[in-house]
Amino acid sequence: MSQYRLTVVLSQAPGKHPAKRSLEESIAAALIMESGLDVAVIPNLYDLGPDHTGRLYLEGVRGDFCVLTWHFPRAIFWLLDRIGIKGHFGENQLSAPNDEDEEEMEAESTNRGIGAAGDIPNRHIYCLDLRDRNTPEAFVAELKRIAKECGERRQAESAAKAPLLQLGVQRPEPANGVSANGTNGKHHELQLLENQDFTPEKLLATPNRRWYPVIDYSRCTNCLECLDFCLFGVYGVDSFERLYVESQDNCKKGCPACSRVCPEQAIMFPEYKSAAIAGAPVGGITGIKIDLSKLFGGEDADPVAQAVAERDRELVADGRTAVGATVGLPKRQENKSNAPKDDLDKLVDDLDALDL
């Protein structure tokens, strides 16, 4: 069996922060010296438009791959899913939660969301947060471990398929062109990839800064509350009535209001200052076990009131009329049984009492 090769893509931080750039350069230099790794460096992944060479490179990668960014893994995985770069979430050991947190997260996520749309290729996507360590050695060691893990998984899949091949049974090639060993079965797609001019200059062309939400479909229940709350045309529904980010550049820079009103913490803004909104792992929140205002980075205000204020600010900046809490905030206790109200019901009652 030929040596397994893992594609590694390092996404640079925006700007020219000297410490971040130094770590990026050290990691890239160390990875280039490692056999079995194909390394590419691109600008900030969150900013890449559909025509940017860095994004075209990512779209051309077949098989397992790993992305190193300055964002939480959950946010980057679902950002890639949004632009059609799909796979199974690969767990890494640098961002891994402790055993107690992991159990809570697994219990919390079971049968929660509607899940990713379409066929998922037979590959794993690993997302490493460059904030997890401050030396290149830790990342090199983890990437070598991931490459070994992926190679062993592919070898096991090939071994399992061998008896079928001996019997003359051929498995059909998936429609997405990714075969069981993670390679592309369509020669014309390989030719297109080879014909692209992936020079460092084009890969690192500086994109415009962007701001838009990313939906975690493992948590999204398609309640559409964000669509009702956002008044800027960011969200829409597809032909299957499934929520998606329809017009991402309609989003107002720096505004995370829709994330605050999402009942499942499924909406992320990867570059927001609060970890909960930026895509940190969500665990230990079955029911309402925590102070929601602290979860979403608030001090004195609750998250819904903050969201209303942020939305009003953007409406006024657009020359429109502030609407307060009169639009897009469902009364979550409507049509419920006469069971005792939980903390979220009480929160909405308090907002109603304020008559905003």
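Bear in mind the structure is a predicted one, so any value in this text is a computation, not a measurement.

## Notes on the overall build of the chain
Phase 1 of the analysis: Check the secondary structure of the chain and you find 13 helices and nine strands.
Phase 2 of the analysis: The contacts of the chain with a sequence gap of at least 6 include a subset with a gap of at least 24, amounting to 72%.
Phase 3 of the analysis: Carbon together with sulfur atoms contributes 51% to the accessible area of the chain, which is approximately 18200 Å² in total.

## Overview of the packing of aromatic side chains
Phase 1 of the analysis: Applying the stated rule across the entire model yields five aromatic pairs.
Phase 2 of the analysis: Centre to centre, the rings of Phe77 and Trp78 are 5.3 Å apart; their planes meet at 90 degrees, and the pair counts as edge-to-face. With respect to burial, Phe77 and Trp78 carry one shared label: buried.
Phase 3 of the analysis: Seen in terms of ring centroids, Trp211 and Phe269 are 5.1 Å apart; in terms of plane orientation they differ by 15 degrees. Their pairing is stacked. Of this pair, Trp211 sits in the loop between α7 (200-203) and β6 (214-215) while Phe269 is found in the loop between β9 (267-268) and α10 (275-278), placing the two residues 58 residues apart along the sequence. Phe269 carries the same exposure label as Trp211, and that label is buried.
Phase 4 of the analysis: One aromatic cluster is present, built from ring pairs that chain together Phe77, Trp78, Phe89 and Tyr217.
Phase 5 of the analysis: Sitting above the plane of the Trp70 ring, Lys20 keeps its charged end 5.1 Å from the centroid.
Phase 6 of the analysis: Over the aromatic face of Phe229 sits the side chain of Arg311, whose NZ or CZ is 4.0 Å from the ring centroid.

## So, the sheet that holds strand β1 (residues 6-11)
Phase 1 of the analysis: Ordered in space as β2-β1-β3-β5-β4, the five strands form an open sheet in which the pairing is parallel. Edge positions in the open sheet fall to β2 (37-42) and β4 (88-90), since each of these has one partner strand only. Between one strand axis and the next, the sheet turns through 25 degrees on average, direction left out of account.
Phase 2 of the analysis: Note: strand β3 (residues 65-69) against strand β5 (residues 124-129), five bridges, orientation parallel. In the strand pairing of β5, Phe65 is matched with Ile125.
Phase 3 of the analysis: Each of β3, β4 and β5 touches helix α3 (residues 73-82); the most contacted strand, β5, lies at about 140 degrees to it.

## Digging into the nonpolar core
Phase 1 of the analysis: Among the nonpolar cores identified, the biggest contains 46 residues, and Leu45, Leu58, Phe65, Leu79, Leu80, Tyr235 and Phe269 are the most heavily contacted of them.
Phase 2 of the analysis: When contributions to this core are tallied by element, the ones reaching two or more residues are β2, α2 (53-60), β3, α3, β5, β6, β8 (243-245) and β9.
Phase 3 of the analysis: When residues no more than four places from it in sequence are discounted, the contact partners of Leu45 are Ser11, Leu58, Val67, Ile76, Leu79 and Leu80.
Phase 4 of the analysis: Core analysis: the next-biggest nonpolar cluster, separate from the first, contains 22 residues, Leu6, Tyr126, Ile146 and Cys150 among them.

## Quick look at the pattern of salt bridges
Where charged atoms from two side chains of opposite charge come close, those side chains can pair.
Phase 1 of the analysis: The tally for this structure, following the rule as stated, stands at 20 salt bridges.
Phase 2 of the analysis: With its nearest N and O atoms 3.9 Å apart, the salt bridge here joins Lys144 to Glu34. On the criterion of sequence distance, the pair formed by Lys144 in helix α5 (residues 136-166) and Glu34 in the loop between α1 (18-32) and β2 is long-range, its members being 110 residues apart.
Phase 3 of the analysis: On the basis of relative accessibility, which here comes to 23%, the residue Glu34 falls in the partly exposed class.
Phase 4 of the analysis: The salt bridge partner of Arg145 is Glu142, with a shortest N-O separation of 2.8 Å. Note that Arg145 and Glu142 are positioned in helix α5 at a spacing of three residues, about one turn of the helix.
Phase 5 of the analysis: Taking the relative accessible area as the measure of exposure, Glu142 reaches 4% and is therefore buried.
Phase 6 of the analysis: A network of salt bridges, in which partner residues are shared, links Asp64, Glu142, Arg145, Glu149, Arg153, Arg154 and Glu157.

## Side note on the side chain of His52
Phase 1 of the analysis: Within the secondary structure layout, His52 lies in the loop between β2 and α2.
Phase 2 of the analysis: One polar contact links the side chain of His52 to the main-chain amide nitrogen of Gly54, over a distance of 2.8 Å.

## A short note on the pairing of β2
Phase 1 of the analysis: Pairing of β1 with β2, which is carried by six bridges, proceeds in the parallel orientation. Across the sheet, residue Ser11 finds its bridge partner in β2, namely Ile42.
Phase 2 of the analysis: For the segment spanning β1, α1 and β2, crossover handedness is right-handed.

What counts and what doesn't
- Residues numbered from 1 in each chain as written.
- Predicted model: local features only at pLDDT ≥ 70, side-chain atom pairs only at ≥ 80, totals over all residues.
- Heavy atoms only, no water.
- Helix = DSSP H or I, 4+ residues; strand = E, 2+ residues; numbered from the N terminus.
- Contact = heavy atoms within 4.5 Å.
- Areas by Shrake-Rupley, 256 points an atom, 1.4 Å probe, with all protein chains shown as cover.
- Phe/Tyr/Trp six-rings, centres within 6.5 Å; stacked < 30°, edge-to-face > 60°.
- Buried < 20%, exposed > 50% of the residue type's maximum accessible area, 1.4 Å probe, protein only.
- Lys NZ or Arg CZ within 6 Å of the ring centre and 35° of its normal.
- Pairing = 2+ DSSP bridges.
- Axes fitted to C-alpha atoms, helices over the stretch in contact; angles between N-to-C directions.
- Core = buried A, V, L, I, M, F, W, Y, C linked by side-chain atoms within 4.5 Å.
- Salt bridge = Lys/Arg side-chain N within 4 Å of Asp/Glu carboxyl O.
- Polar contact = N/O pair within 3.5 Å; in protein donor to acceptor, adjacent residues only side chain to side chain.
- Right-handed = clockwise from strand over helix to strand, strands pointing away.

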